[in-house]
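The chain contents come next:
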Amino acid sequence: MTEKRQILVGEGLFTWPSDKPKLIATHCKSCGDYFFPKSFTCHNPKCKEKQVEEVTLSQRGKLWSYSVLYYPPPPPFVPRDPFEPIPIAEVEIPEGLKIIGMMEGIKPKDIKIGMTLELTVGTLYTDKNGNDVIGWKFTPVKA
Amino acid sequence: MTRVAIIGVGLHPWGKFPEKPWTQIMVDTAREALADAGVEWTDIQTLIAGSQIWGGRKGTYAGNYFAEVMGETGIPIINVNNACATAGAVMRVAYMTIASGVADLVMAAGVDKSPKGFFPSLPVYHQEPMPSVDTLRWNIGLPNPVFWALECRRRMELYGVTDADLAKTKVVMSKHGVLNPKARYRKIFTEEEVLNSAMVADPLRLYEICATSDGAGAVVLCNLQKAKKYTTKPIIVAASSVASGVYGDPTARIPSLGINPKPGVPIISESYVAAKAAYDQAGIGPEDIDFVELPDNSAWHPLQYLETMGFCKEGESHLLFRKEETLIGGKLPVCPSGGFSSFGEATMAQGFVQVYEIVKQLREEAGARQVKGAKVGIAEVYGAAANNSALILKK
């Protein structure tokens, strides 16, 4: 029997392994803008210099908006059986970016716009070979 | 620039047609448009066609495979893909071909057969160092309606839009769609039925998200000066615009994972720019429009688009639905065709539902759906990756 493995949803997206994982982004030193996922250039059409550096982003932010998915998403995602609704967050972080990701550790009825959330890394789904595909998620910060 | 008119339209009835080849769906529709225009296929000097994404390699070059069965004549064929806004882009290229004086008779066409349920992910054959945002979002479990849901929830929070307001948009579309023999869903839905339908992507319910259909549309465009030879009712293309996103757009667009909003950039900036460009080109404003065909992909869309297209202030669109002003007979009929809510999406073709409807309305051939005294209509169609197009037609 093969051992169950963790597979990153993609390289270069977040610091891993880590106790306090952070999203990896591009910061433009010329115009100050941030880009997630990271990019090889600054996307601001008015920015001339485009001097970019790789940075990590703030782990906490405020819930800007949310949804809860009640129908299983299509492949490559492998929904749990039985399917459990998936809360989705759009989180505004201090850098000014809004990041979209799954929410965990919260019931749909407890979701409130404006609540503080923290970045975590966990299983998005278990693929057909039994490996956990891991990515960034958001979890509520206890007051 | 040469002025451009529409002299013929065809629209296939929408539904699911697994037994009918898409080329046949397209041929039937094109023949309807040609007969409507009173021209022969062999008269068509250029074909602009939607390039499918679900139909594999053959679908990618849909225009060529369609022409093959219509009978090849060696004309220029251009295949266009601007996501669900493709028909608008097809119209724009067809319009420009005539406006530039390159050709006098052009066909714009699009046909699609949709997969069932959520539009799925597509394979990527390139080798890349990092997965694209579009690849990532499928792995995070984000089908298209989730992005609309995020915008919709925020709107509800900001402006007091209720679940009942969302349901009302579907009710209005269904009251129009029931009158349209080409529509797939011809039944009036009550607010209660909509609210009792299954939650899909909270706050959007099953009946608040358009289905995925098979369908086709075709339009014959002509140099206006030569149109009189074919018709007594040429419909004038007052504007045909295409726009893309503006840097700093705050929208959770399809697909996005990190949004970088900038002050002053409007939500769905591509749609705002396309509408503005169309008004500028036509030399008119929203107050001159008699009815609107907008992309009601979900219950969020009509609310957003009425504001984006300049028909009301931000945060007030749901009030137009509450006051029933959006019904045929109201101050601003919205989607007299029944909209995508009554037709379903067929990515390459859905914009042609709108073109067909405006032409029928302006010719006063819309039967029970007729908007009385309609002289000017606008259509706007929306696609993933910040694709958008607007079209203003007048008598």
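Note that the structure is predicted; figures quoted are calculated from it, not measured. (Residues numbered from 1 in each chain as written. Chains lettered and ligands numbered in written order. Predicted model: local features only at pLDDT ≥ 70, side-chain atom pairs only at ≥ 80, totals over all residues.)

So, on to the overall build of chain B. The secondary structure content of chain B amounts to 14 helices and 12 strands. With the principal axes as the frame, chain B shows a C-alpha extent of 55 × 55 × 45 Å. The buried share of chain B, reckoned over its 395 residues, is 61%. The contacts of chain B with a sequence gap of at least 6 include a subset with a gap of at least 24, amounting to 77%. (Helix = DSSP H or I, 4+ residues; strand = E, 2+ residues; numbered from the N terminus. Buried ≥ 20, exposed ≤ 12 C-beta atoms within 10 Å, placed from the backbone. Contact = placed C-beta atoms within 7 Å.)

Further remarks concern the overall build of chain A. Each helix and strand counted, chain A has zero helices and nine strands in total. Walking chain A from its N terminus toward its C terminus, one meets helices and strands in the order β-β-β-β-β-β-β-β-β. A principal-axis box enclosing the C-alpha atoms of chain A has dimensions of 50 × 40 × 30 Å. When burial is assessed residue by residue, chain A has 35% of its 143 residues classed as buried. Of the contacts made within chain A by residues no fewer than 6 positions apart, 51% connect residues no fewer than 24 positions apart.

A few words on the packing of helix H1 (residues 22–37) of chain B against helix H3 (residues 62–70) of chain B. All names here are of chain B. One way to put it is that H1 packs onto H3 with a least axis distance of 10 Å and a crossing angle of 70°. In terms of their interaxial angle, H1 and H3 are classed as roughly perpendicular. As for how H1 packs across H3, the hand of that crossing is right-handed. The segment H1 lies against H3, with Thr23, Met26, Val27 and Ala30 engaging Tyr65, Phe66, Val69 and Met70. (Axes fitted to C-alpha atoms, helices over the stretch in contact; angles between N-to-C directions. Parallel < 35°, antiparallel > 145°, perpendicular 65-115°, else oblique. Left-handed = near helix turned anticlockwise from the far one by under 90°.)

A few words now on the packing of helix H6 (residues 144–159) of chain B against helix H11 (residues 300–308) of chain B. Residues and elements named next belong to chain B. The N-to-C vectors of H6 and H11 enclose an angle of 65°; their axes lie 10 Å apart at closest approach. By the angle between their axes, H6 is roughly perpendicular relative to H11. Seen along the crossing, H6 lies across H11 with a hand that is left-handed. Packed against H6, whose contacting residues are Trp148, Glu151, Cys152 and Arg155, the element H11 presents Trp300, Leu303 and Gln304 at the interface. Residues that form the contact of H6 with H11 fall into these classes: four nonpolar, one polar and two charged. (Nonpolar A, V, L, I, M, F, W, Y, C, P; charged D, E, K, R; others polar.)

All names here are of chain B. With mixed pairing, nine strands are arranged side by side in an open sheet as S3-S2-S4-S7-S1-S8-S12-S11-S10. Where the open sheet ends on each side, the last strands, each with one partner, are strand S3 (77–80) and strand S10 (291–293). Across the sheet, the mean angle from the axis of one strand to that of its neighbour is 25°, orientation sign disregarded. Contacting strand S1 (4–11), strand S2 (46–50), S3, strand S4 (105–113), strand S7 (214–223), strand S8 (235–244), strand S11 (376–383) and strand S12 (387–394), helix H4 (residues 86–99) runs over the sheet at an angle of about 170° to S4. (Pairing = 2+ DSSP bridges.)

Let us look at H1(B). Residues and elements named next belong to chain B. Taking 1.5 Å of rise per residue, the 16 residues of H1 would be expected to cover 22 Å, and the 23 Å separating its terminal C-alpha atoms lies within 8% of that figure. Within H1 the residues assigned to the buried category are Trp22, Ile25, Met26, Val27, Thr29, Ala30, Ala33, Leu34, Asp36 and Ala37. Directly after H1, the chain includes Gly38, whose backbone phi takes a positive value near 75°. (Expected span 1.5 Å × (residues − 1).)

Turning to the domain arrangement of chain A, a few remarks are in order. Looking at chain A, the domain boundaries give domain 1 (6–11 + 58–140) and domain 2 (23–56). When each unit is reduced to the centre of its C-alpha atoms, the spacing between domain 1 of chain A and domain 2 of chain A is 25 Å. (Domains from an automatic or database assignment.)

Core analysis: the biggest nonpolar cluster contains 166 residues, and Ile88(A), Val219(B), Val220(B), Leu221(B) and Val355(B) have the highest contact counts within it. With eight residues, H1(B) is the single largest residue contributor to this core. Both of domain 1 (6–11 + 58–140) and domain 2 (23–56) of chain A provide at least three residues apiece to this core. If we ignore the near neighbours within four places in the chain, the residues touching Val355(B) are Val9(B), Ala87(B), Met91(B), Gly217(B), Val219(B), Ala379(B) and Leu391(B). (Core = buried A, V, L, I, M, F, W, Y, C linked by C-beta atoms within 7 Å.)

Looking at chain B, the pLDDT average stands at 97 and 100% of residues meet or exceed 70. Note on the complex model: pTM 0.97, ipTM 0.97. (pLDDT = per-residue confidence, 0-100.)

Right, let's get into the sheet that holds strand S2 (residues 24–28) of chain A. Residues and elements named next belong to chain A. Spatially, the three strands line up as an open sheet ordered S3-S2-S4, and their pairing is antiparallel. Two strands close off the open sheet at either side, each with one partner strand: strand S3 (34–35) and strand S4 (52–56). In this sheet, S3 lies alongside S2 in antiparallel orientation, the contact comprising two bridges. From the neighbouring strand, Thr26 faces S3, where its bridge partner is Phe35.

Contacts between the two partners involve 40 residues from chain A, matched on the other side by 32 residues from chain B. Counting only elements with at least two residues in the side of chain A that touches chain B, the list comes to S3, strand S5 (60–69), strand S6 (86–92), strand S7 (98–103) and strand S9 (132–140) of chain A. Element by element, the count of residues in the side of chain A that touches chain B is highest for S5(A), at six residues. Classifying every residue of the side of chain A that touches chain B gives 27 nonpolar, nine polar and four charged. Here S7(A) runs beside strand S9 (residues 258–259) of chain B; their pairing, made up of two bridges, is antiparallel. Within S9(B), the position partnered with Ile99(A) by the bridge is Gly258(B).

Before going further, it helps to spend a moment on unusual backbone geometry. A negative phi holds for most residues other than glycine; trans holds for most peptide bonds. Residue Trp16(A) is joined to Pro17(A) through a cis peptide bond whose omega torsion reads 0°. When you line up the elements, Pro17(A) lands in the loop between strand S1 (6–8) and S2. Cis geometry marks the peptide bond from Asp81(A) to Pro82(A), where omega comes out at 0°. Turning to its location among the elements, Pro82(A) is positioned in the loop between S5 and S6. A positive phi angle is found at Glu324(B), which is not glycine, with a value near 60°. Its location among the elements puts Glu324(B) in the loop between helix H12 (317–322) and helix H13 (339–343). One non-glycine residue with positive phi stands out, namely Ala386(B), at about 60°.

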